[in-house]
Structure formats: C-alpha cells, structure tokens
Amino acid sequence: MIQSVKLAKLRLSASNVRTAPDAALLIEPFAADLEARGVLQNLLVTPVARSRGMFEVFDGGRRLRALNMLVERGLIDPEQYDVPVRVLKGDNAELTETSLAVSFHHLKLSPTEECRAFQHFLAGSTDIDAVAKRFGVTRRFIDGRLRLADLAEPIFTALAENKITLDMAKAYASTASHEAQLSAWTTYGSYSNYTADSIRRIIANDMMRADDPIALLVGAEAYEAAGGVIDRDLFSDAREKWRNPEIARTLAAAIMEAEATRIGEERGLAWITPIATHSIWDATRGLYKINLPEQPMTLEEAERAEQIEQRMAVLHDEMQNEELADDAFTAMETENDALAVELEALDNRPVFMPPELASKVGAFLTLAQNGTMVLTESYYSATPITVTVVEPDAVEGDVEGGQGDGDGEGQGDANDVIQAPTFRIEEGTPAPTKGSTDAVVDPERAAPGGKALSQVLADQLAMQRRDVLGAALIANPGLALDYMLFAMVDERCGTAANDGTTIRADLPQDPISITNMPKSRARDYLNEVHEGLDASWRASDHQVVRFEAFRALGDEVKTAWLAYIVATSLDAKISYGTNELNPMHGRLATILDIDVASWWRPTSENFFDRVSKGSLISLLHEVGGPALSSRHATEKKPVISETCEKLFGGDAIVEPAITEVALKWLPGAMCFSDKPIAAEADEGDDAQGDLADLIDGNETDAETDDGDAGGDDLASLIGDAPDAPDAGEDGDQQDGSDVGAEAQHDNDDAVEPEMVAAE
C-alpha cells in the first residue's frame, strides 16, 4: 500500500543498486523536474530496525538525491515535505534483488518516441523556455528534439527502425530543410561507408557559413529580409549556416557592383570588376599589369635628400674619431639612423596615375576575409601599355604648374622653374592567341550550333569529365591497379607516351583553380571517399614508422587507398595546350561503361550561362525541333539558360520523347571517346585476365571473352571496392573524337565575375 513519509525520515539504503556519483545520475535536471511536478512515482523503502519511524530507500535513490538537492537550495522543508513510498520488508539479499529488478526492467524511451512526445505536447506552444526549465535542460536541447521529430519522413522512419544511428539522424537534422535532408539521404543514405560527420559536411557544402566573407559583407539582417534562411546546427558546435547562398551572393554582387561604380566614377577608371574573393589570380589571366610611374621629387624633397646625404657623410667621418666620447658617439649614431630612415622614405617614391592613363586601365574590387571590400593597388589593361616619364627641363620664367626656388642667391638663377612632368603612353597589341577564327571547330569540342567553347569552359568540362572517370574508378580497384601498374612500368621503360595519369600520386596540375570549379556530384563523391579512408597510419612523423603502420593495414583499407590515389591522379586533358581527350581515359571509360549523364548534368552555372544565346537556341532545336526553339527565340539569354537547366535536368514539363533525349544529352567536351585498333584491343582485353592470374599465383578459370572480365577477377583478388553510385546500366557510350586542329575560343560567356578577365 502507498503511504506518505516525511522526507526527513528517509535515507539511502546500502541495498540500492545505483552507486554511481550524482554527476553520472543527472541529478541536476531531475531536481528541476521534481520542483516543477513533484514526486510522480513512489519510492520503495524498508523500516530501519533500531530507529523508530525511519526508513531506508532501496529503490528511488535518484529521487531521494534530487529532493535533498532541493532541500540544500532551500526550496522545500524536509520536515514538512511528504514523499509517497511503498514499504517492503526482507533481508538485504531480497531488497537488493528487488532494487535490481526494478532498474533492470526499466525500458528507456527510444529516440523517436522521445522526440515525437516533445513534439506532441509542445505543438503550437511558444513557452519552450518554461518546458526546458521544468525538464532541467537547455532551450537548445528541446529545439534539438523538435528538429529530430521534424526529420524528413524516410529518415525518421529509418531512425525508428534502427537502420541509422541517433548520431546519423542528428547529422541529417543539422539543417531544418527537408529538401537538403532528402537530397543527402537519396544520394548517400544507402552507403554504409558514410559517417555522421560526412553527412554533416555534405549538407553544409550546399550552404554558406555565417563567417564567409560574403555573409559578413551582406549581414544577417539584410539576408533574412531578402528571404534567406539561417540554419543552426543544434547538435554540434558548428557555426550557423545560410541555407540560401544564392540570395547572399546576389546581395553581395549588388553591393560590390554599386561600390565599383562609385569608385570608377570617382577615379575615372575604364572599368572596375568586383570579385567576391581576395585572390585575383584567375581574373587577371590574359590581362597586362600596368607599371605606373613614380612620383618625382619636389624641389624641397630633392634639397632635403641632398642635405641628409651631406649630413650623413659628416657624421660618418666624425664617428671614425677614436677619441670620441661614448655619449657623443651614441648621439651621432642615433641621428644617423634617423636620417637614414628619412632618406629611405624620400627615395621610395609613391606611384601615381597620370590622368591621361586612367581611362585606359581598370582594377579589381576584392573581398577580404573579414568581409571588407578592398580595391587592388595594381591596375590592368587588355593590351600592353608602357608609361614613360618625360623629364622636364628647367626653363626661365614663371611656368604654370611648375616649381621655382623663389629667392636663392647663389643657388642658380632665381627664375629657373621646373615644369610639371609629362608622360609618353604607348599602347601595344595583345599577344596573338593560338589558332585563328578560320580554324575548323571539332563538333564534339564545340558548343551547340558549332561555335567554339571558351578556353575556361573547355578546361572546366575537361576537368569535370576527368572527375567522372575518377569517381567511376573508385568502384573498380582492380582496373585501377591495372592502370597504375601499366603507367609505372610504361614510364620506367623510357617511353615518351602520355598515359594520362600522374601515377606517382602527385595531384594533377589543373588548368583551372579548383576553387573556381562548379560543384559536381563526382567531385563531392571523391571528397567524401577521401574523408572515409583510414588515416591512422599517418600519425607518426617518422616515415619508416608510417610505412610499417601502412603495411599492417588490412587489404580492404589498402585497396580503398589504392583506388582513391589512382582516381585522383587523373589529368584533365592530354596536355594543357589542347582540349584533346587522352585515349587512355577513353579506353577506361569504355571498360567501366560509364554513364556520364548519371554523374553530370548541364546547369546554368556549369554550362548554359557560359555559351552564347545562339548556341542555346541551336541546342533547343536539336533536342525539340523548331517548335521548341522558336518558343524561346525571343527570350533573353538568362531566361533561356534557366529553361535549359530545367529541361536537361528532367524538371521541365514537355513531351516524354523530348525529356528522354534531353536527359541523355551531353556536350562533346564531357564525352569519352574510344577508338582502339581492333586486334590490339582484343589482345589487351585477354591480357587483363592473365594479369589477375599471375598476381594470384594460381591458374583459375576466368571468362576472358569480355573486355572487363579480368578487371573483375583482380577486384575480387584484392578486396571489395567501396560502394559507389552506379556507373551506368544502359550501356550508352558517349563518343567523342580527337581534335585535329585547335579551336578559336570566344569570350561571350556569362561567367562568374572573377572569371571574366580570365576568359
């Protein structure tokens, strides 16, 4: 029977099985809950034999500790506070068993039950702080549980069915956006090699950090006023993320464009290009840096420089006197040092902009790491410009803008005046580009309509095509090993052929900075594979220790490193003076049966904004005929680009036949071509299976009729490959052809600001 006992009459029993310290028992939040709701569940007690009216608590020790904490805080009176108890009698063994049974069979709520319970009774409530106080937790804890309860349904269901861990669910809940959650879940949820940190990084990659220079420039208030959403990761110490980076970039572009316009008008420059980064390296490609003339000394400055030199000569002579007192020597040395600093400042002449040059040159408005806009101190032009100072001659009389000595008897003619300097500005012609406008453009290396791709876009597409091949190689370590062994042996034999890989594990020298590359599924996949690799062997600073640690790794770990190193060693092009695909890459792509369209789709960012409007209309005509192209012929290029992104991404509402063609379309620069000599190709395919047999050391039956059979044998020999997205099932191979002549590149791309000058 349940009865009430004063708190002062209760003490903890030695039979109570909970012996952990208070900190481990979370007494603090429990005390807050008891203060708000009282004791909801009775304690189990037994009478104390020699102390009449006293009871020992053998189950309910946490409740007793929490009540005593409230007593220490002066919140309850132990002589007056009634505690519901149930009195049981027995020896120590029986009481201990009962205490154990109660705790042993206590089943804690699952994460999903706990989250949905919070969501249920807090639905529509705005008093979350009061709830947090009653439960003895922080507001952030409650917000986190509500965020988990609001997970996208497939992810929440997986958590409820224990298909993913709570940490993994928290990683998906690092954003409140269901769209972002489902995007990561759909792409990576089925792969077991992704950790919670990997998922959190994948989601964060599509957002902007709150301390990004662009975010600091725009400010959270302006960003949210424009409709932007700020995500707060409730389960880690990560900084806030801006869910709509495109809004922030648009606002930043407007701010920087306005500032560039103001400075341009103020200084009379030909142009000022805003760049939302602190680096102008890519933007200055193809431009010529202007060496500005130095400001000549005024007569006063020249006279002062001469006086300093004379005085320093005197000091130097006097300091050679060995009989000079120490104090006098120190004073002279100090004066000499000060004069040297002053003379250096006079000699370091500042450069200046001649008024007649300003209208011919431009500069870049950059963004510092702290979000401050900074105008570069260097100036550039599309053509080489040489500025030569024409030294003025001294003339008699009073020349406007000149400088005279005013009065100087014994200093030459008092009427001698130095004229203001003049400048000779010589403008040259740009260095000729390779190729010519009459060069034949290979259709597979051209934009729709036959116009040549710009060099920057061609380079980016070559790199993205290379990344697709690398991502596909991840799933076939056997083929990666074949390729690695061949390239190393081929090079050791002294052949001059380019095998299309850096194979020594050096990173390729890409023609475009990786920071200026559009995002792609293949690049993200390569990054995530790298983060999932076992790097424990790299802990030591001694190379021998690291080597032995690496040798001790399992075959599966070594295989993963092998596939990753080969996949990231691929060169984007056969050489950086051409856009030609390396034939080895074409052969590898054929063996892997890569469906490039499943890895890469053209978007406004990575393609459509980068080609001319005429090319886009030609492409629409190619895919949907005159009905589709004429429908958009009068629209502006940004609208057509947006339409193309939807159409070729499968999001446009058009006839199924058009959608099918659009989803398979790829620019020629993203296709792999494979044109081997038939006899040599067949012989090479057969040899692949022999290599697997040779490494295994045993003769095994293997089908060598198919070109990639040997690769499968070798993959099974060295271990399973890490999971990867399907490299393609429909067997469609996008063919390209070698470029016979270098194409002339145009610069009509609507590119990112930092890429304008580069193109």
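Going by the structure above, here's the rest.
Attention in this report is confined to the structure presented alongside it. No experiment lies behind these values; they were computed from the predicted model shown.

In spatial order, the strands read β6-β8-β7; together these 3 strands make up an open sheet with antiparallel pairing. At either end of the open sheet lies a strand with only one pairing partner, and these are β6 (208-209) and β7 (230-231).

Those residues of helix α6 (residues 139-149) lying buried are I142, G144, R145, R147, L148 and A149. Where the residues of α6 are buried, they touch α4 (111-122), α5 (128-135), α7 (153-160) and α8 (166-172).

Okay, the packing of helix α17 (residues 455-474) against helix α22 (residues 583-592) next. Between two packed helices, the angle of one axis relative to the other and the distance separating the axes together describe the packing. Taken N-terminus to C-terminus, the directions of α17 and α22 make an angle of 45°; their axes are 10 Å apart at the nearest point. By the criterion of interaxial angle, the relationship of α17 to α22 is oblique. Judged by the twist between their axes, the crossing of α17 over α22 is left-handed. Residue-level contacts link R466, L469, A472 and L473 of α17 to H585, L588, A589 and L592 of α22. Residues that form the contact of α17 with α22 fall into these classes: 6 nonpolar, 1 polar and 1 charged.

Spatial ordering of the open sheet is given by β1-β5-β3-β4-β2, a layout of 5 strands whose pairing is mixed. Two strands lie at the open edges of the sheet, namely β1 (2-6) and β2 (10-12), each paired on one side alone. Between one strand axis and the next, the sheet turns through 50° on average, direction left out of account. As judged from the 3 bridges shared by strand β3 (residues 43-47) and strand β5 (residues 82-87), these two strands associate in the parallel manner. Looking across to β5, one finds that L44 is bridged to R86. The sheet contacts of helix α2 (residues 61-72) involve β2, β3, β4 (55-59) and β5, and relative to β2 the element is tilted by about 120°.

Take the nonpolar core next. In summary, soluble globular proteins display a tendency toward joint burial of nonpolar side chains. By size, the foremost hydrophobic cluster in this structure holds 84 residues, and its most contacted members are I199, L453, V468, I594, F607 and F648. Of all the elements, α17 adds the most residues to this core, at 9 residues. If you look at the next biggest cluster of nonpolar residues, it comprises 30 residues, including A215, V361, A363 and F423.

For a regular strand, side chains alternate in direction, first toward one face of the sheet and then toward the other. Relative to β5, β1 runs antiparallel, the two being bridged by 5 bridges. Note that in β5 the partner of I2 across the bridge is R86.

For the pair helix α1 (residues 27-37) and α5, interaxial distance at closest approach is 6 Å and the crossing angle is 110°. By the angle class used here, α1 and α5 are roughly perpendicular. Residues P29, A32, D33, A36 and R37 of α1 pack against K133, R134 and F135 of α5. Across the contact of α1 with α5, the residue classes break down as 4 nonpolar, no polar and 4 charged.

A contiguous patch of negative charge, built from E300, E303, E306, E309, E344 and D347, is present on the exposed surface. At the level of secondary structure, the elements contributing two or more residues to the negative patch comprise α14 (299-319) and α15 (326-347). Sort the elements by how many residues they give to the negative patch and α14 lands first, with 4 residues. Structurally, D347 is set in helix α15. By relative accessible area, which is 44% here, D347 ends up partly exposed.

All right, on to a nonpolar patch on the surface then. Together, V17, L100 and F104 give the surface a local cluster of nonpolar side chains, amounting to about 290 Å² of exposed area. Turning to its location among the elements, F104 is positioned in helix α3 (residues 92-104).

The next thing to look at is the packing of aromatic side chains. One pass over the full model with this rule turns up 11 aromatic pairs. On the basis of an interplanar angle of 85° and a centroid distance of 5.7 Å, the ring pair of F607 and F608 is categorised as edge-to-face. For the pair formed by F607 and F608, the shared burial category is buried. Taken together, F607, F608, F648 and W665 form an aromatic cluster joined through their ring pairs.

Right, let's talk about the pattern of salt bridges for a bit. Charged atoms that come close allow side chains of opposite charge to pair. If you walk through the whole model with that rule in mind, you get 26 salt bridges. R262 is paired through a salt bridge with E259; the nearest N and O atoms lie 2.7 Å apart. Taken as a pair, R262 and E259 lie in helix α13 (residues 245-267) at a separation of 3 residues, close to a single helical turn. Taking the relative accessible area as the measure of exposure, R262 reaches 39% and is therefore partly exposed. With a closest N to O distance of 3.0 Å, R262 and E266 form a salt bridge. Separated by 4 residues within a single helix, R262 and E266 lie in helix α13, roughly one turn from each other. Residue classification places E266 among the exposed positions, given a relative accessible area of 57%. Look at the salt bridges and you will find they share partners, linking R466, D467, D510 and R523 into a network.

If you trace the backbone, R139 turns up in helix α6. Residues R139 and I128, spaced 11 residues apart in sequence, show a C-alpha to C-alpha distance of 6.8 Å. Not counting residues within four places of it along the chain, the set of residues in contact with R139 comprises I128, D129 and A132.

The rules behind each value
- Residues numbered from 1 in each chain as written.
- Predicted model: local features only at pLDDT ≥ 70, side-chain atom pairs only at ≥ 80, totals over all residues.
- Heavy atoms only, no water.
- Pairing = 2+ DSSP bridges.
- Helix = DSSP H or I, 4+ residues; strand = E, 2+ residues; numbered from the N terminus.
- Buried < 20%, exposed > 50% of the residue type's maximum accessible area, 1.4 Å probe, protein only.
- Contact = heavy atoms within 4.5 Å.
- Axes fitted to C-alpha atoms, helices over the stretch in contact; angles between N-to-C directions.
- Parallel < 35°, antiparallel > 145°, perpendicular 65-115°, else oblique.
- Left-handed = near helix turned anticlockwise from the far one by under 90°.
- Nonpolar A, V, L, I, M, F, W, Y, C, P; charged D, E, K, R; others polar.
- Core = buried A, V, L, I, M, F, W, Y, C linked by side-chain atoms within 4.5 Å.
- Patch = residues over 30% accessible without salt bridge, like charges linked within 9 Å, V, L, I, M, F, W, Y side chains within 5 Å.
- Areas by Shrake-Rupley, 256 points an atom, 1.4 Å probe, with all protein chains shown as cover.
- Salt bridge = Lys/Arg side-chain N within 4 Å of Asp/Glu carboxyl O.
- Lys, Arg positive; Asp, Glu negative; His and termini not counted.
- Charge placed at Lys NZ, Arg CZ, Asp CG, Glu CD.
- Phe/Tyr/Trp six-rings, centres within 6.5 Å; stacked < 30°, edge-to-face > 60°.

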